[in-house]
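Chain by chain, the residues run as shown.
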Amino acid sequence: MKAAIYARVSTSNHGQDVNMQLRELREYCERRGLDIAGEYTDTASGAKDSRPELNRLMADAKRRRFDAVCVWKLDRFGRSLRHLVNALADLESLGLSFISIKDNLDLSTPSGRLMFQIIGAMAEFERALIQERVRAGLRNARAKGKTLGRPRVAVDAPKIASLRSQGRSVRAIAEELGYSRSLVHKTLANR
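Colleague: In this structure, what is going on with the nonpolar core? I would like to understand it.
Modeller: With 25 residues, the main nonpolar core has L57, F66, V69, F77, L88, L91 and F98 as its most contacted residues. Listed by contribution, the elements that provide at least two residues to this core are β1 (2-9), α2 (52-62), β3 (68-71), α3 (74-77), α4 (81-93) and α5 (110-143). Counting residues per element, this core draws most heavily on α4, which supplies five residues. Sequence-distant contacts of L57, defined by excluding residues within four places in its chain, comprise A4, Y6, Y40, F66, V69 and F77. Residues V9, L22, W72 and I101 belong to the second largest nonpolar core, which totals 15 residues.

What follows is the structure, encoded as structure tokens:
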């Protein structure tokens, strides 16, 4: 069985590097008889920064270049609970195993699949809480008389038509009047 290993540190400051994670992941693979098909390492914040090696790992997963993904810890892999659940679901749909060695999670085992279901339920719960907070905030804003949504733009339709009749392009009209091109197109179509 071939495995990809993924390691990430948040920053290269403070002497952090991925070598400790890689060493433990290599040792784990050797003990389990897993051939390492590739190593993917990122030095980036888990939540915000681009993670090109994680993107490459997921692309290689779709190409079936390995049978399992091994990570040191779940928080090294997922940007958020939602991202983690979606990524694990993607791997599962491809028939790939996922192993987090420090969390003792192996999705190829019954207990690992149970843990994945629990993680998924927690992500769904988190989404529901966020949705409820957003709805409550919108209700509160409406109760205070706030206008929601984008502010309406006063459109000078005769000016748009006049510029168009002079042979101006939609792009030139939009730039001159400070409108979006789609608004100019829509205004011209409605005339």
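Colleague: What should I look at first to understand the packing of aromatic side chains in this one?
Modeller: For any pair of aromatic rings, the description rests on two quantities: the centre-to-centre distance and the angle between the ring planes. Tallied over the entire structure, the rule returns three aromatic pairs. Seen from their ring centres, F77 and F98 are 5.1 Å apart, and the 55° between their planes marks the pair as tilted. One end of the pair, F77, is in helix α3; the other, F98, is in strand β4 (residues 97-100), with 21 residues separating them in the sequence. Grouping aromatic residues by their ring pairs yields a cluster made of Y6, F77 and F98.

Colleague: When you look at helix α1 (residues 19-32) in this model, what are you seeing that I'm missing?
Modeller: Think of an α-helix as turning once every 3.6 residues; residues three or four places apart then point the same way. Between its first and last C-alpha, α1 extends 20 Å over 14 residues, near the 20 Å set by a 1.5 Å rise per residue. The set of residues buried in α1 consists of Q21, L22, E24, L25, Y28 and C29. Seen end-on, α1 carries its buried residues on one side only, within an arc spanning 165°. Residues of α1 that are exposed and angled more than 90 degrees away from the buried face: E30 and R31. The inward-facing, buried residues of α1 abut β1, β2 (35-43), β3, α3 and β4. Where α1 terminates, the next one or two residues include G33, which has phi positive at roughly 75°.

Colleague: In this structure, what is going on with the confidence of the model for the protein? I would like to understand it.
Modeller: Detailed conclusions should not be drawn from predicted coordinates in areas where pLDDT is low. Across the protein, the average pLDDT comes to 87, with 95% of residues at or above 70. The lowest-confidence element of the protein is α3, averaging 84 in pLDDT; the highest-confidence one is β3, averaging 95.

Colleague: Sorry, what's going on with the pairing of β4 here?
Modeller: The side chains of a regular strand alternate, residue by residue, between the two faces of the sheet. Along β4, one buried face is formed by S97 and I99 and the opposite face, lined by F98 and S100, is buried too. As paired elements, β3 and β4 share four bridges and run parallel to each other. When the bridges of β4 are listed, A68 appears paired with S97. Bridging between β4 and strand β5 (residues 105-106) involves two bridges; their strand directions are antiparallel. The residue bridging S100 from the neighbouring strand is L105, located in β5. In this antiparallel pair of consecutive strands, β4 and β5, the connection spans four residues, and N104 shows a positive phi of 55°.

Colleague: Looking at this structure, I do not really get unusual backbone geometry. What am I missing?
Modeller: With phi around 60°, R64 is a residue other than glycine that occupies positive phi space. Following the sequence through the fold, R64 ends up in the loop between α2 and β3. The class for R64 is partly exposed, based on a relative accessible area of 49%. Phi is positive for N104, which is not a glycine, with a value near 55°. Within the fold, N104 resides in the loop between β4 and β5.

Parameters at a glance
Here the residue numbers are simple positions, counted from 1 along each chain's written sequence. At least 70 in pLDDT is required for a residue's local features to be given in this predicted model, at least 80 for side-chain atom pairs to be given and counted, and no such filter applies to totals for whole chains, interfaces and linings, which use all residues. Only hydrogens and water are set aside when side-chain values are computed; all heavy atoms of the structure are taken into account. As used here, the term nonpolar core means buried Ala, Val, Leu, Ile, Met, Phe, Trp, Tyr and Cys residues forming a set that is joined through side-chain atoms within 4.5 Å. Throughout this description, buried means an accessible area under 20% of the type-specific maximum (1.4 Å probe, protein chains only), exposed means over 50%, and partly exposed covers the range between. Runs of H or I in DSSP of at least four residues are treated as helices and runs of E of at least two as strands, each being numbered from the N terminus. In what follows, a contact means two residues having at least one pair of non-hydrogen atoms within 4.5 Å. Classification of ring pairs uses Phe, Tyr and Trp, with its six-membered ring standing for Trp, and accepts pairs whose centres are within 6.5 Å; under 30 degrees between planes counts as stacked, over 60 as edge-to-face, and the remaining range as tilted. In this scheme, a helix's expected span is set at 1.5 Å multiplied by one less than its residue total. Directions drawn from the helix axis to the C-beta atoms are what define this arc. pLDDT runs from 0 to 100 and stands for how confident the predictor is about each residue. The rule for pairing is simple: two strands pair if DSSP sees at least two bridges between them.

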